[in-house]
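Here are the chains, one letter per residue:
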Amino acid sequence: MTARVGWPDLAKGVCIILVVLWHVVTKHAIEVEGAGVVTDAWATLNAQLLPLRMPLFFLISGMFAGRVVNVPAGTPWRRRAGRLAAVYVIWVIIQTFVLAATPDFDTARAENGWQLLAQLTISPTNLWYLLALSVYLLVARLVRHLPTAVVLPVAFVIATIAAAGVIPDLGNLWQLMQNLFFFLAGLRLRGVIEHFAAEASPLRMLMLGAAYLAAAGAVGVLGMRQWPGVWPLLAVVAVAFGVVVGAMLDRHAGVIARPLRWVGQRTLPIYVIHMIPLALIDGALRGAGWVATPAVEVVWPIVLTALVIVICLAVHTGLVRVGLGVLFDPLQPIDRMAAARMAAARMAAARTARARTAD
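Here the residue numbers are simple positions, counted from 1 along each chain's written sequence. With the structure being a predicted model, the display of local features is reserved for residues of pLDDT at least 70 and the display and counting of side-chain atom pairs for 80 or more, all residues being used for whole-chain, interface and lining totals. With hydrogens and water stripped out, all remaining heavy atoms of the structure feed into the side-chain values.

A.B. asks: How should the overall build of the protein chain be read in this particular structure?
C.D. replies: Think of it this way: any DSSP run of H or I at least four residues long counts as a helix, any run of E at least two long counts as a strand, and we number them from the N terminus. Helices and strands together make up the secondary structure of the protein chain, namely 18 helices and zero strands. The globule rule is 2.2 Å times the number of residues to the power 0.38, and the radius of gyration it is compared with is taken over C-alpha atoms. For 359 residues, the compact-globule estimate of 2.2 N^0.38 gives 21 Å, and the protein chain sits close to it at 22 Å. Counting only C-alpha atoms and orienting by the principal axes, one finds that the protein chain spans roughly 85 × 50 × 45 Å. The classification of residues rests on relative accessible area computed with a 1.4 Å probe and restricted to protein chains. Under 20% of the type maximum is buried, over 50% is exposed, and intermediate values are partly exposed. Out of the 359 residues in the protein chain, the part that is buried amounts to 44%.

A.B. asks: Sorry if this is basic, but what is going on with the environment of A29 here?
C.D. replies: With respect to the secondary-structure elements, A29 resides in the loop between α1 (7-27) and α2 (37-48). Taking the relative accessible area as the measure of exposure, A29 reaches 7% and is therefore buried. When the C-alpha positions of A29 and D40 are compared, they lie 9.3 Å apart, and in sequence the two are 11 residues distant. Residues within four places of A29 in sequence aside, it is in contact with V24, A35 and T39. Here a residue-residue contact requires only that any non-hydrogen atoms of the pair lie within 4.5 Å.

A.B. asks: Just checking my understanding: could you explain the pattern of salt bridges for this structure?
C.D. replies: A pair can form between side chains of opposite charge whenever their charged atoms are brought close. We define a salt bridge as a contact between a side-chain nitrogen of Lys or Arg and a carboxyl oxygen of Asp or Glu at a distance within 4 Å. Overall, the coordinates contain four salt bridges when judged by the stated rule. Between D250 and R261 there is a salt bridge, with its nearest N and O atoms 2.4 Å apart. Linking D250 in helix α13 (residues 230-252) with R261 in helix α14 (residues 254-264), this pair joins segments that are 11 residues apart in sequence. Residues D282 and R286 are paired through a salt bridge, measuring 2.6 Å at the closest nitrogen-oxygen approach. Of this pair, D282 and R286 both sit in helix α16 (residues 275-287), four residues apart, which is roughly one turn of that helix.

A.B. asks: Explain the packing of aromatic side chains to me, please; I cannot follow it from the model alone.
C.D. replies: Given two aromatic rings, one states the distance between the centres and the angle between the planes to describe the pair. Ring geometry is summarised as follows: Phe, Tyr and Trp rings, the Trp one being its six-membered ring, pair when their centres sit within 6.5 Å, and such pairs are stacked at plane angles under 30 degrees, edge-to-face over 60 and tilted between the two. Scanning the model with the defined rule gives 11 aromatic pairs in all. Consider the rings of F58 and W128, whose centres lie 5.6 Å apart with planes at 40°: the pair is tilted. Taken together, the residues span a long stretch of sequence, with F58 in helix α3 (residues 50-63) and W128 in helix α7 (residues 128-142) at a distance of 70 residues. Each member of the pair F58 and W128 is classed as buried. On the basis of an interplanar angle of 65° and a centroid distance of 5.5 Å, the ring pair of Y129 and Y271 is categorised as edge-to-face. Of this pair, Y129 sits in helix α7 while Y271 sits in helix α15 (residues 267-273); the two residues are 142 residues apart in sequence, bridging distant segments of the chain. Looking at Y271, the relative accessible area reads 4%, which means it is buried. Put simply, the rings of F57, F58, W128, Y129, Y136, F183 and Y271 pair up and form one aromatic cluster. We call a charge positioned above a ring when the Lys NZ or Arg CZ atom is no farther than 6 Å from the ring centre and deviates by at most 35 degrees from the ring normal. Between R225 and the ring centre of W231, over which it is positioned, the NZ or CZ distance is 3.7 Å.

A.B. asks: In this structure, what is going on with the packing of α7 against helix α10 (residues 180-188)? I would like to understand it.
C.D. replies: Pairs of packed helices are described in terms of their axes, by the angle between the two and the distance that separates them. To obtain each axis, a line is fitted to C-alpha atoms, and for helices this fit is confined to the stretch in contact; angles are then taken between N-to-C directions over 0 to 180 degrees. Remark: α7 packs on α10, axes separated minimally by 10 Å, with the N-to-C direction vectors making an angle of 55°. As judged from the angle between their axes, α7 and α10 are oblique. Crossing angle aside, the handedness with which α7 passes α10 is right-handed. Note on element contacts: α10 touches α7 through L180, F183, L184 and L187, opposite L133, Y136, L137, V139 and A140. Note on angle classes: values under 35 degrees are labelled roughly parallel, values over 145 roughly antiparallel, values of 65 to 115 roughly perpendicular, and the remainder oblique. A crossing counts as left-handed when the near helix is turned anticlockwise from the far one by less than a right angle, and as right-handed when that turn is clockwise.

A.B. asks: Got a minute to help me understand the side chain of Q175 in this structure?
C.D. replies: Inspection of the secondary structure puts Q175 in helix α9 (residues 173-178). Excluding anything up to four places from it in sequence, Q175 contacts W128 and Y136.

A.B. asks: How should a nonpolar patch on the surface be read in this particular structure?
C.D. replies: A residue counts toward a patch only above 30% relative accessible area and without a salt bridge, and it is joined to like-charged neighbours within 9 Å or, for Val, Leu, Ile, Met, Phe, Trp and Tyr, to nonpolar neighbours within 5 Å. Each accessible area is a Shrake-Rupley estimate made with a 1.4 Å probe; only the visible protein chains count as cover when residues are assessed. A grouping of V89, I93 and F97 is seen on the molecular surface, where their side chains present a nonpolar patch of about 270 Å² in accessible area. On the basis of relative accessibility, which here comes to 32%, the residue I93 falls in the partly exposed class.

A.B. asks: Mind showing me how you'd approach the packing of helix α5 (residues 75-98) against helix α6 (residues 113-120) here?
C.D. replies: Running from N to C, α5 and α6 point in directions that differ by 145°, and their axes come no closer than 10 Å. The element α5 and its partner α6 pack so that their crossing is right-handed. Each of Y88, V89, V92 and T96 in α5 lies in contact with α6, whose residues at this interface are L116, Q119 and L120. Looking at side-chain class alone, the contact of α5 with α6 contains five nonpolar, two polar and no charged residues. Polar here means any residue outside two lists: the nonpolar Ala, Val, Leu, Ile, Met, Phe, Trp, Tyr, Cys and Pro, and the charged Asp, Glu, Lys and Arg; Gly therefore counts as polar.

A.B. asks: Got a minute to help me understand the confidence of the model for the protein chain in this structure?
C.D. replies: As a note on interpretation, predicted positions should not be read in detail where pLDDT is low. pLDDT: the predictor's confidence for each residue, scored from 0 to 100. On average, the protein chain scores 89 in pLDDT, and the residues at 70 or more come to 92%. When pLDDT is averaged over each element of the protein chain, α10 comes out on top at 97 and helix α18 (residues 332-358) at the bottom at 64.

A.B. asks: Could you clarify how one ought to interpret the state of the cysteines in this entry?
C.D. replies: In plain terms, two cysteine sulfur atoms within 2.5 Å form what is called a disulfide here. Throughout the structure, instances matching the rule amount to zero disulfides. C15 takes part in no disulfide bond, and the closest cysteine sulfur, belonging to C312, lies 16 Å away. By relative accessible area, C15 is classed as buried at 1%.

A.B. asks: When you look at helix α17 (residues 294-321) in this model, what are you seeing that I'm missing?
C.D. replies: The α-helix winds at 3.6 residues per turn, so residues separated by three or four positions along the chain end up facing the same way. Helix span is expected to be 1.5 Å times the residue number reduced by one. Compared with the 40 Å implied by 1.5 Å per residue over 28 residues, the 41 Å span of α17 between its first and last C-alpha is a close match. To get the bend at any residue, fit one axis to the seven residues that end at it and another to the seven that begin at it, then take the angle between the two axes. The sharpest bend along α17 comes to roughly 40°, located at W300, with the proline P301 sitting one to four residues further on. As for α17, its buried residues are in contact with α1, α2, α5, α14, α15 and α16. One or two residues past the end of α17 sits G323, with phi positive at roughly 90°.

Laid out in structure tokens, this is it:
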């Protein structure tokens, strides 16, 4: 049995931490009274990581989607897509009710039925990653017989259009369209990516890191964010850098790699829950009249990111223990009933076989 390759889990762990950090900074830290240049620096750093976070996340998701997309029978991909879509619906509804208690927290929340319907369909919320994966599985299934030389260029053009700002401002719809390319690249080029990771070296890491910094700086200084093809190409460089860093850490820095891999295997509960404790903590601090100082600004985003992740994992554990694991896997009861039916069928077959042997 082949050992599980560690760097994808490690990279997913880094990505989910960066997602939480992004929301901590952009939805909380910059709104705190007294926030100044230190918080601005945090915001700038997070902005430079935009080409890395979600594209790398989707690349890795695509790498491990082949087992359901390419199966001749269509059931696996439909079950996976349905499960993801159901989790999205469940947690959008949960967020809608919980975040109503924190009206000053800066994030999208439905205020009526029509807005909720839009968020569940054409105007994805901060949970858009789940809806995107569900859609991507459908697209990947539909184009599975087309050559990669056709699929990836078309997906890159779609990413270019989405990055150019011509998509209507419907929540995160543009992100959903923009990241399809990376999911399909992970799906179609898994062998190439794994070979690239296996060949990772310190020199390659430094070269890609320098290229990423230079390209991100040029895009920011020259205002090239929406130039045709610029943002997807920058994300390609960022993702390549992320793969190499992940492979190098996994191979040579076990002390760092092990906890990141552990987190990377638990991204779903962190992703769906994290906005709720963040909003509640933000509301409590606003109510207490909390004022940031430069020293606090330096460490607070890191501390709060860690705290939110710990809360998410604790809440997930608690919900599972009280029988609410269905919130994270809505098809769990159906799977259990199917497993019970299969077990009963096997037992019946075994009894029949024993009876025939006895005869």
